[in-house]
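Results of the structural survey
Below are the chains, spelled out letter by letter.
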Amino acid sequence: MDFSTDVQASVLAVLPEILMTILAVALLALDVVWPDARKRDLGYVAGVGLLAVIGVMLVLAPPPGEVSDQLLLGGMIRHDQLAQIFRAMVILGGALSCLVTMGVPRLQHRGDFYAVLIVAVVGASLMSAAADLIMAFIALEMTSITLYLLVGYLRGDVRSSEAGLKYFLFGAFTSALTLYGLSLLYGFTGETNIYRLGGVLGRSDLPDGAVAVSLALVAVGFAFKISAVPFHFWTPDVYEGAPTPITTLLSTASKAGSVALLMRFFLAVFPPAGLLGALEGVKDYSALWVQLVAVLSVVSMTLGNVLALVQTNIKRLLAYSTIAHAGYILIGVAAISTDKSAEGAAAVTFYMFMYVLTNALAFGVVILFANATGSEQIADFAGLSRRSPWLALAMTLALLSLAGIPPAAGFVGKFLLFRAAVDANMVWLALVGIINVIIGLYYYLIVVKVMYMERGPEDGRPVRVDTPYVWALGIAAAGVLLFGTIMVSPLVDWATEAARALYILL
Amino acid sequence: MVITFSGVLTGILLVPVLGAVVILLLPKEQKDAARIIAAVTTGVVLLLALGVFFGYDVNAANAAAEQGEVYFAFEDHVKWIESVGISWHLGVDGIAAPMVLLTALAGFTGVLISWGIEDRTREFMAFFLLLVAGVFGVFVAVDLFVLFFFYELAIFPMYFLIVIWGWAKTREYAAMKLTLYILVGSVVALVGLLVLYFKAGAATGTGDYSFDFRALHAAAQAGVFDQPFADWTGVSTARLWFPAIFIGFGVLAGVWPFHNWSPDGHVAAPTAVSMIHAGVLMKLGAFAALRVGVQLLPDGARAHLPWIIFLTLINVVYGALIAMRQRDFKYVIGFSSVSHMGLVSMGFATMNVTGMTGAGLQMFSHGVMTALFFACVGMVYDRAHTRDIPSLGGFVQKLPLVAVAFIVGGFVSMGMPGLSGFVAEFPIFVGLWHGPVTEPIATWPTDSFNYYGAIAIVAALGIIITAAYVLRVVGQVFFGEFDEERFPAVSRITVYDKIALGILIFWLVLLGVYPKVMAPMIESGVKPIVSMLGG
C-alpha cells in the first residue's frame, strides 16, 4: 500500500485546516488592531469565516474519487467523504459556537477566545480525517488542550475554573491511557498507519488478551471524548461550569470529531472478516469491540437518561442527555461491523449531523435565557412561551429533536439507528434504546411544560435576541426542521456515501 | 422523482400545516384572524375530504380485490429517501376514505367549538391544525414510514393542547401519561415494522428494501413472514411479531389493559381536543393495527386474535360498567369510548367481511358520535362550571339543542335502529356469531363450544349497560329540576356551536337511514384483508 504523493491533493486534503489556522491568526491580529468598540464584531469574523470555510471546502476540495489517492501526507490523512461530512459538521458546530459567544458579555470582545476556539475546531476537524496513530493522537490532544483552556476561560468564575481543572485532570488521565494503548498497538505491529496496522495485526499470532487490552485502553480515550459511561463523570460539572458557547462546542464539534475517529479507527484496526479490503486469513477481532461498544451503549443510555430525570439545571440536564445520546450513537457504532451496506455508519453520521444542529439550538436558547434572567434553572423557564414565543418554539423544536419526535430531524436519526440495529441482528439493543427514548421523552417534555404551561413573574417582558443569535438559531432551527422533513433525502444520501467510504479499507 | 401524483391527499396534509404556519406568523392580538384562518383551512380540508369520500370508486376497488391486488385511490407517489426505501406514497382504500372524512369533520367542527378560546388563541389554533395534519397523515399513508412519521407527529401537538389549555386539575398528569403510553406502543410497533421491512427486503434477493405497503403486502402474499423468524426459534415472523404490532398500535385504540391513558386524556383535554382525541385519534391505533398487523400478518392474526378478542370483550363490558359508576360527566363519555372502541377491535377479531365492515362503520360512527358527546359536555361545562352529574339537572330548558344532540348521540351509542350505531354494531355481532372465515389456529380452545357465539352474547351485555348509563346521564343532566340559583347565568349556545352540532348529527342520521353511502366502500377495503386471512 503506497500513499499518494500528489502535492496539490495533499494541500486540498488539509485545506479547511489551513484556512482555519489563517482565520485564527487573523483574529488575533484584528484583536490588536481593532478598537475596543468594534471588537464584538470579531465574533462575526470567526463565525462567518468558519461558515465560509465549509463552503470553500465543499466546492474546492471534494475528496479524490480513487481510494488509492485518498491517503495523503504520508498516510496521515484520509481525504474521503466521511472526513468531508464530519468536517462540515465540526466546523458548523464551531461557527455556531462563535456566533452565540457574541451574546456572552465577558467573552464577546476577546479575539483570543475566538482564536483558541477555532484551534479546537481544527483539532476536531483533523480527527475526522486522521488515518494514523500519531495524527489521531495529535488531533485528540489539539482539541483537548484547547478545550481545557476554553472551559476555564472565565477566570473570575469559580465554577468555570473548577470545571476547567476537572476537565483537564480527567482528560490528562484518559489521554495517557489512550497513548499507552496506541503505543502497544505500534509495538505489536511496527506500523502507525491504521490501515496497514489492521492487516499486520490480523496476521500476527498475538494472544487475544494483548489485543483486547490495547483496544480497551484506546477505547477509554474515545469514551471520554464522547462522554460515554463510565468516563462521563466530568460531563455534568464541565457542562454546567464552562462558558455556554464552549458547552455547545464540547457537545457538537468535539463529540462529532471523536465519533468519526472512533468509527474509522475500530473498523480499520480491527476489521471484521469479510470486509472489503480485509485480507484472506486475517484474524477477526471485531467481536471484541462490538461487545464493548454495545455494553457502553446500554449503560450510557440508561444512566444518562435516568440521572437526567432529577436535574433542575438546564445545562446539567443537557449534559446527562448528551451522555444518553452518546449511548444512542454507540448503538449505531455497534451495528457497523456486521453490515456491509453501511447502514450503521450512515445512521451514526446522520445522527451526529442533526445532533450538532440540535444542541447548538438548545444551548443557544439557554445562553439567551441565562442572560435575560441570570438563571439556568429549569424552573425559571416558566412562562418563556409568553415572553418570547419564538424562542420557546425553538427550544421546543430542539427538545423534540433530542427526544426523537417528528417533524424534528431527531426522529429520522433515531429511526435510522434502530433500523441499523435491527438489521445487525441486535433487536435487543434497539429495544433498550426504545425504553430509553421513552424515559428521555419524559424529561424533555417537563422542560416544554414549564415553558408553556407555567406562568413566570415576568410574563410580559420579551427576551432580547441579538442579530448574531437570530442567525445562529435560525440556521440551527432551519437545519433541524428541514433535515427532519423535506431535506432528509440529501443528508441521508450524503451520510450513506460517507459511510461507504468507511468500509473500503484499501 | 414523481411516479403518480393526484395531489388531493398531499393537499389535505399540507393545507393545515400551511394554515398553522400562517397563524403563527400573525401578531398576537389578532385572535379573530387566527380563528377565521383556522376555520377556512379546516373548511377547505373538509371539502377536499368530501371529494375523496364521494370520489372513491367502489367498483374499481372491488375489481382490484377480485384480482387479489391492493387498491388505493388518489395515489401520490414521489420518491423521497431512496437509499432507505422510503417514498412519499399516499393513497386511500375503502377503510381509510371514511376516516379521512371523519378527521375533516372533527377538525372543522372542533375549530367552530373552540371559537371562544381566549388564552393564546393563535397557538391553540396552530397546534390544533398540526394535530389534524398528523392524524390525516396516518390515514392516507401507503408508505409505512410515512404512517409512522405522522403517527408520532400527532403526539406533540396533542401534548401541548392538553397541557396548556386542558383542565387545570389533571392536565399535567394526563398529558404526560397519554404521551408516554402512545409512544411506548408506537415504538414497540416500530420495531415490529422494522423486522417486517428487513424480512421482506431480504426475501426480494435484490436488496430492494422498501417501507411501501405494496412491497410488504407482496412479501406477505408470498409467505415471507410465515418463515421461521430466526435460527433459534421455530416460530414464524408473523406469529412472533403480531402481538407487538397489533397491541403496540392497539394502545392508541384503547385495548384493555392499555386503555388507562384514554379516559384521563379525554377528560383533561379541552373540548375540541377531546373531540379529535376520542373521535379520531383512537381510530389511528385501530387503523394502524389493522393495516400493519392484520393485513400484513394474517397468519399471526389467526393465531393471536382468538385470545385478543377476549381483551376486547373486557373492553366492551368493563368499560361500560365503569362508565356507569362515574360521577363526572366527561369521564362517563371517556369510558364509553373505551367500551365502544372495544367493539371496533372485536370487529377486527371476527376475521370475516361482515364483522370487519361493521368495525369500519363503527370507527366512523363512534368518531362522530363521541365528538358530538364531547361537544355537548363542553357546552354544558362551559356554562355550569361543573361536571358533577348529581349536581346538574334540567339543562334541557336552557340548552335545548344540546340536549337533543346529546340524546341523538346517546341513541347512536345504544345502537338504536335508524341511526349509525345500529348500522355499525349489528354487523359486528352478526360477524361474531359467524366466526372467522377460516378456522383460527388453535392456540385457544375455540372449537370445543361456540366460542365466538359466547363472546357475542357476553358482549351484547355491553349494549344494555350502555343504555343504562346513557339514560342515567340524560335523565340527570338534561331533565329534572333546573337550579336557577346555582347556575344563574347560563347563556345560549353560539351559532358556531349550532353549526357544529348540526353537521355531526347530520352524519349520524344519514349513515343510519342510508348506510349504503359508506358500507360498500368499507366492504371494498375489507375484502382484501379477509382474502389474506383465507376467505
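Conventions adopted
Residues numbered from 1 in each chain as written. Chains lettered and ligands numbered in written order. Predicted model: local features only at pLDDT ≥ 70, side-chain atom pairs only at ≥ 80, totals over all residues. Heavy atoms only, no water. Helix = DSSP H or I, 4+ residues; strand = E, 2+ residues; numbered from the N terminus. Rg over C-alpha atoms; globule rule 2.2 N^0.38 Å. Buried < 20%, exposed > 50% of the residue type's maximum accessible area, 1.4 Å probe, protein only. Contact = heavy atoms within 4.5 Å. Lys, Arg positive; Asp, Glu negative; His and termini not counted. Charge placed at Lys NZ, Arg CZ, Asp CG, Glu CD. Phe/Tyr/Trp six-rings, centres within 6.5 Å; stacked < 30°, edge-to-face > 60°. Buried area = accessible area lost by both parts, 1.4 Å probe. Salt bridge = Lys/Arg side-chain N within 4 Å of Asp/Glu carboxyl O. Expected span 1.5 Å × (residues − 1). Pairing = 2+ DSSP bridges. Axes fitted to C-alpha atoms, helices over the stretch in contact; angles between N-to-C directions. Arc of directions from axis to C-beta. Parallel < 35°, antiparallel > 145°, perpendicular 65-115°, else oblique. Left-handed = near helix turned anticlockwise from the far one by under 90°. Nonpolar A, V, L, I, M, F, W, Y, C, P; charged D, E, K, R; others polar.

With that out of the way, let us pick up the overall build of chain B. Across its full length, chain B holds 20 helices and five strands. For 535 residues, the compact-globule formula gives about 24 Å, and the C-alpha radius of gyration of chain B, at 22 Å, lands near that figure. Across its three principal axes, chain B shows a C-alpha extent of roughly 75 × 60 × 40 Å. Sorting the 535 residues of chain B into buried and exposed places 67% on the buried side. A fraction of 80% describes how many contacts in chain B between residues 6 or more apart in sequence connect residues 24 or more apart. Taken together, the 27 basic and 33 acidic charged side chains of chain B have centroids lying 8 Å from each other.

Take the overall build of chain A next. Scanning chain A for helices and strands turns up 20 helices and two strands. Taking 2.2 N^0.38 as the reference for a compact globule, 506 residues should give roughly 23 Å; the C-alpha atoms of chain A span a radius of gyration of 22 Å, in line with that estimate. C-alpha extents for chain A along the principal axes are approximately 70 × 55 × 45 Å. The 506 residues of chain A split such that 67% are buried.

This paragraph deals with the packing of aromatic side chains. Residue and element names in this part refer to chain B. Considering all chains together, one arrives at 63 aromatic pairs over all chains under this definition. With centroids separated by 6.3 Å and ring planes inclined at 25°, the aromatic side chains of Y331 and F335 adopt a geometry described as stacked. With a gap of four residues between them, Y331 and F335 both fall in helix α14 (residues 329–349), about one helical turn apart. Judged by relative accessible area, Y331 falls into the buried class, the value being 16%. Residue F335 is classed as buried on the basis of its relative accessible area of 12%.

Further remarks concern the interface of chain B and chain A. Listed per partner, the contact involves 40 residues of chain B and 41 residues of chain A. A combined buried area of about 3,600 Å² lies between chain B and chain A, and 78% of that area is made up of carbon and sulfur atoms. Three residues stand out in chain B for area buried against chain A, namely B:R120, B:F149 and B:F198, and they jointly supply 14% of the buried area on that side. The tally of links between chain B and chain A comes to two salt bridges. With a closest N to O distance of 2.6 Å, A:K449 and B:E172 form a salt bridge.

This next bit is on helix α14 (residues 343–373) of chain A. Residue and element names in this part refer to chain A. Over its 31 residues, α14 runs 44 Å from end to end, which matches the ideal 45 Å to within 8%, given 1.5 Å per residue. Counting buried residues in α14 gives 28 out of 31 residues, a clear majority hidden from the surface. Looking one or two places after α14, you find G374, whose phi comes out positive at around 70°.

So, on to the pairing of strand β5 (residues 233–236) of chain B. For a regular strand, side-chain orientation follows a simple rule: the groups alternate between the two sheet faces. All names here are of chain B. As judged from the two bridges shared by strand β4 (residues 228–230) and β5, these two strands associate in the antiparallel manner. Each bridged residue has a counterpart across the sheet, and for P228 the counterpart in β5 is S236. Where β4 folds back onto β5 in an antiparallel hairpin, the turn is made up of two residues.

Another aspect to go through is the sheet that holds strand β3 (residues 86–92) of chain B. Residues and elements named next belong to chain B. Read across the open sheet, the three strands follow the order β1-β2-β3; overall the sheet is antiparallel. Strands with a single pairing partner mark the edges of an open sheet, and in this sheet they are β1 (2–5) and β3. For this sheet the average axis-to-axis angle between neighbouring strands, irrespective of direction, equals 15°. The pairing of β1 with strand β2 (residues 73–81) spans three bridges and is antiparallel. When the sheet's bridge partners are listed, T4 is paired in β2 with H77. Here helix α1 (residues 8–25) sits on the sheet and contacts β1, β2 and β3; the angle it forms with β3, its principal contact strand, is near 100°.

Moving on, we get to helix α3 (residues 58–66) of chain B. All names here are of chain B. All of the buried residues in α3 are A61, A64 and A65. One face of α3 carries all of its buried residues, which in axial projection span an arc of 100°. The exposed set on the far side of α3, more than 90 degrees from its buried face, consists of N59 and E66. Buried residues along α3 sit in contact with α20 (519–532).

Next up on the list: the environment of B:L105. All names here are of chain B. With respect to the secondary-structure elements, L105 resides in helix α4 (residues 96–113). The exposure class of L105 is buried, given its relative accessible area of 3%. For the pair L105 and A371, spaced 266 residues apart in sequence, the C-alpha to C-alpha distance is 9.3 Å. Residues in contact with L105, not counting those within four places in the same chain, are L46, F364, V368, I503 and W507.

Residue and element names in this part refer to chain B. One ladder, built from six bridges, connects β2 with β3; its direction is antiparallel. Bridge pairing in β3 places V78 opposite W88. The turn linking β2 back onto β3 is made up of four residues, and G85 within it adopts a positive phi angle of 85°.

Below, the discussion takes up the pattern of salt bridges. For the structure shown, the criterion picks out 31 salt bridges over all chains. A salt bridge links A:E343 to A:R419, with the nearest nitrogen and oxygen atoms 3.1 Å apart. With A:E343 in helix α14 and A:R419 in helix α17 (residues 409–423), this residue pair connects regions lying 76 residues apart in the sequence. Classification of A:E343 by relative accessible area gives buried; the value is 11%. Classification of A:R419 by relative accessible area gives buried; the value is 4%. Residues B:D32 and B:R35 are paired through a salt bridge, measuring 3.0 Å at the closest nitrogen-oxygen approach. Highlighted residues: B:D32 and B:R35, both in helix α2 (residues 31–55), separated by three residues, approximately one helical turn. It is possible to trace a salt-bridge network through shared partners that takes in A:R159, A:E162, A:K166, A:D237, A:E240, A:K315, A:R316 and A:E376.

Structurally, A:S160 is set in helix α7 (residues 158–189). Once residues lying within four places of it in the same chain are set aside, the contact partners of A:S160 are A:V151, A:G152, A:Y153, A:L154, A:G241 and A:P243.

Residue and element names in this part refer to chain A. The contact between helix α3 (residues 42–60) and helix α4 (residues 81–101) brings their axes to 8 Å, and the two run at 165°. Classified by the interaxial angle, the pair formed by α3 and α4 is roughly antiparallel. Pair α3 / α4 crosses with left-handed handedness. Side by side, α3 and α4 meet where G43, Y44, A46, G47, L50, L51, V53, I54, M57 and L58 of the first sit next to Q84, R87, A88, I91, L92, G94, A95, C98 and L99 of the second. Grouping the amino acids of the contact of α3 with α4 by side-chain chemistry returns 14 nonpolar, four polar and one charged.

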